[in-house]
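Summary of the model geometry
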Amino acid sequence: MAEDSVKLLGYWVSPYSLKVKWALKLKGIQYQYVEEDLKNKSPMLLQYNPVYKKIPVLVHDDKPLAESLIILEYIDEVWKQNPLLPIDPYERAKARFWAKFADDKCVPALVAAFSKKGEEQERAVKEARENLKILESGLEGKRFFGGETIGFVDIAAGWIGCWAQMTGEIIGIKLIDAETMPLLDSWFQDFLEIPLIKECMPPQDELLEHCKELHTKF
Amino acid sequence: MAEESVKLLGYWGSPFALRVKWALKLKGIQYHYVEEDLPNKSPMLLQYNPVYKKIPVLVHDDKPLAESLVILEYIDEEWKQNPLLPIDPYERAKARFWAKFADDKCVPPVMAAFSKKGEEQERAAKEARENLKTLESGLEGKRFFGGETIGFVDIAAGWIGCWARMTGEIIGINLIDAETMPLLDAWFQDFLEVPFIKECMPPQDKLLEHNKEFHKILTAAST
């Protein structure tokens, strides 16, 4: 597969474009990466994603796709090696359910804990912890959501561990509690230790600096 | 397929349960329907959907599933007749994109226009109209999102036409503009005229009454 037939428009600190990088790496797909300057979005990005004007955008043979979970499903359907979703329809549905839960219920609470203050922040922290605890139940005691190896939910939600830890450091409030959510805590650690996952991560010190700066703006 | 092996927990006025009814009907799947009393949720519902405690819940061979779009994809994968999603991966991705767009960007402002007042309501109505216009672009000039016949996006988002019109009547602000969004308007009308779609719809007068009541409660709460 020629490198120029697959293009990813992303942003170095975005966990959403990171998910797509992970999926492409897992399947061994060559692609051209385009780093977008989000304060100065390229005409190409605006043309490829007129609805949301956001990254990530995957372009395959000049056909653009937006929304990271939709991109993950597309990648899984076009390139069959190292499948992300399981074969059984019920297991697939559970995977989609948990990926959506992480995006709809864990991420917003995390973002609010990062950006709010006072009582609003306290409420957001409480909600983040509760929802992370619920996410843990989706693991069903497995090592990864995908079982012994990583799959759709791991790629969709595994980044949250790193960002939640960083947020906890910056705001001074712990979000991932190894005592109350031990399985989730080990899952996050095991996930982030996987070579292909680790390789694609933005440099931790730069990421922390970037998040600290972002935090001062709130 | 025995009727008891497929169960749907729903609510007569819920468009999310309606989507699932439509998908089951389209594929000719027999099922046992359970009407939930939402102010008084059954232990069965709470057991089947502990995460959200909401309807719809599809139970197939005692395995429960929640979240209507996830349920639609499951139905499509489990029962292959009359497919909802197209075969081509890119077309499938586009269908998922538009179904998600409708849920994330059209439904919330329609609901906000319904439940808010004053400036907040005006902003919500404006946003609803803009996003419905964007949804129209997803039709790509076709009769239905599925092409000549209905598919995933039609089932996922076609109900919005009816609810948006009803909302418009109740709040006195038009949300679907036949002049600025003629293709979307035609799509909503054609969709709601499809026989099996029409058959599953809750009775319109009962739905209007129910939504009017609901509107009173919501707007009393927001003062």
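Computed from a predicted structure; not experimentally measured.

**Observations concerning the overall build of chain A**
- Secondary structure summary: chain A contains 10 helices and four strands in total.
- Moving toward the C terminus, one meets the helices and strands of chain A in the order β-α-β-α-β-β-α-α-α-α-α-α-α-α.
- The C-alpha atoms of chain A give 17 Å as radius of gyration, which agrees with the globular expectation for 218 residues (17 Å, within 12%).
- The C-alpha extent of chain A, read off along each of the three principal axes, is 50 × 45 × 30 Å.
- Residue burial in chain A is summarised as follows: out of 218 residues, 56% are buried.
- Counting only contacts in chain A whose residues sit at least 6 apart along the sequence, the fraction spanning at least 24 positions is 72%.
- Of the accessible surface of chain A, which amounts to about 10,200 Å², a share of 53% is contributed by carbon and sulfur atoms.

**Digging into helix H8 (residues 182-193) of chain B**
Residue and element names in this part refer to chain B.
- For H8, with 12 residues, the first-to-last C-alpha span of 17 Å sits near the 16 Å given by 1.5 Å per residue.
- Along H8, the residues classified as buried are Leu184, Asp185, Trp187, Phe188, Phe191 and Leu192. Buried residues of H8 fall within an arc of 160 degrees about the axis and therefore sit on the same side.

**Focus on the confidence of the model for chain B**
- Confidence in the prediction for chain B averages 95 pLDDT; 97% of positions are at 70 or higher.
- The ipTM assigned to the predicted complex is 0.96, against a pTM of 0.96.

**Quick look at the environment of Gly158 of chain B**
Residues and elements named next belong to chain B.
- Counting through the fold element by element, Gly158 comes out in the loop between helix H6 (152-157) and helix H7 (159-171).
- Expressed as a C-alpha distance, the spacing of Gly158 and Tyr74, which sit 84 residues apart in the sequence, is 19 Å.
- With sequence-adjacent residues up to four places away left out, Gly158 is seen in contact with Val153, Trp187, Phe188, Phe191 and Leu192.

**A few points about the pattern of salt bridges**
- With the rule as written, the count across this model stands at 36 salt bridges over all chains.
- Where Glu199 of chain A meets Lys25 of chain A, a salt bridge forms, and the shortest distance between an N and an O atom there is 2.9 Å. On the criterion of sequence distance, the pair formed by Glu199 of chain A in helix H9 (residues 195-200) and Lys25 of chain A in helix H1 (residues 15-26) is long-range, its members being 174 residues apart.
- Note on Glu199 of chain A: relative accessible area 53%, which makes it exposed.
- Among the ionic pairs, Lys126 of chain B bridges to Glu130 of chain B, the shortest N-O distance being 3.1 Å. With Lys126 of chain B and Glu130 of chain B both in helix H5 (residues 118-139) and four residues apart, the pair spans about one turn of that helix.

**So, the pairing of strand S1 (residues 6-10) of chain A**
All names here are of chain A.
- Of all five residues in S1, five are buried, a share of seventy percent or more.
- Sheet analysis places S1 next to strand S3 (residues 57-60), joined by four bridges and oriented antiparallel. Directly across from Val6, in S3, lies its bridge partner His60.
- Summarising the sheet, S1 and strand S2 (residues 32-35) pair through four bridges and their orientation is parallel. Across the sheet, residue Leu8 finds its bridge partner in S2, namely Tyr33.
- Taken together, S1, H1 and S2 constitute a β-α-β crossover, and its handedness is right-handed.

**Some details on the packing of aromatic side chains**
- Summed over all chains, the structure comprises 27 aromatic pairs over all chains.
- Aromatic side chains Tyr16 of chain A and Trp159 of chain A sit 5.8 Å apart centroid to centroid with 55 degrees between the ring planes, which places their arrangement in the tilted category. Here Trp159 of chain A lies in helix H7 (residues 159-171) and Tyr16 of chain A lies in helix H1, a separation of 143 residues in the sequence.
- Judged by its relative accessible area of 2%, Trp159 of chain A falls in the buried class.
- On the numbers, 4.9 Å between centres and 75 degrees between planes, the contact of Phe145 of chain A with Trp187 of chain A is edge-to-face. Note that Phe145 of chain A is positioned in the loop between helix H5 (118-138) and helix H6 (152-157) and Trp187 of chain A in helix H8 (residues 182-193), a separation of 42 residues in sequence.
- When its relative accessible area of 10% is taken as the criterion, Phe145 of chain A is described as buried.
- By relative accessible area, Trp187 of chain A is classed as buried at 1%.
- The cationic tip of Lys21 of chain A hangs over the ring face of Tyr33 of chain A; the distance from NZ or CZ to the ring centre is 4.6 Å.
- Over the face of the ring belonging to Tyr33 of chain B we find Lys21 of chain B, whose NZ or CZ atom lies 4.6 Å from the ring centre.

**A word on the interface of chain B and chain A**
- Across the boundary between the two partners, chain B contributes 24 residues, which contact 24 residues of chain A.
- Each partner contributes to the roughly 2,300 Å² buried at the junction of chain B and chain A, and carbon and sulfur atoms together form 70% of this total.
- Where chain B touches chain A, the interface holds eight salt bridges.
- The residue Arg96 of chain A makes a salt bridge to Glu77 of chain B at a minimum N-O spacing of 3.0 Å.
- Sorting the residues of the side of chain B that touches chain A by element identifies strand S4 (63-66), helix H3 (68-78) and helix H4 (89-115) of chain B as the ones contributing at least two each.
- Looking at the side of chain B that touches chain A, the element that brings in the most residues is H4 of chain B, giving 11 residues.
- Residues that form the side of chain B that touches chain A fall into these classes: 13 nonpolar, one polar and 10 charged.

Definitions and cut-offs
- Residues numbered from 1 in each chain as written.
- Chains lettered and ligands numbered in written order.
- Predicted model: local features only at pLDDT ≥ 70, side-chain atom pairs only at ≥ 80, totals over all residues.
- Heavy atoms only, no water.
- Helix = DSSP H or I, 4+ residues; strand = E, 2+ residues; numbered from the N terminus.
- Rg over C-alpha atoms; globule rule 2.2 N^0.38 Å.
- Buried < 20%, exposed > 50% of the residue type's maximum accessible area, 1.4 Å probe, protein only.
- Contact = heavy atoms within 4.5 Å.
- Areas by Shrake-Rupley, 256 points an atom, 1.4 Å probe, with all protein chains shown as cover.
- Expected span 1.5 Å × (residues − 1).
- Arc of directions from axis to C-beta.
- pLDDT = per-residue confidence, 0-100.
- Salt bridge = Lys/Arg side-chain N within 4 Å of Asp/Glu carboxyl O.
- Pairing = 2+ DSSP bridges.
- Right-handed = clockwise from strand over helix to strand, strands pointing away.
- Phe/Tyr/Trp six-rings, centres within 6.5 Å; stacked < 30°, edge-to-face > 60°.
- Lys NZ or Arg CZ within 6 Å of the ring centre and 35° of its normal.
- Buried area = accessible area lost by both parts, 1.4 Å probe.
- Nonpolar A, V, L, I, M, F, W, Y, C, P; charged D, E, K, R; others polar.

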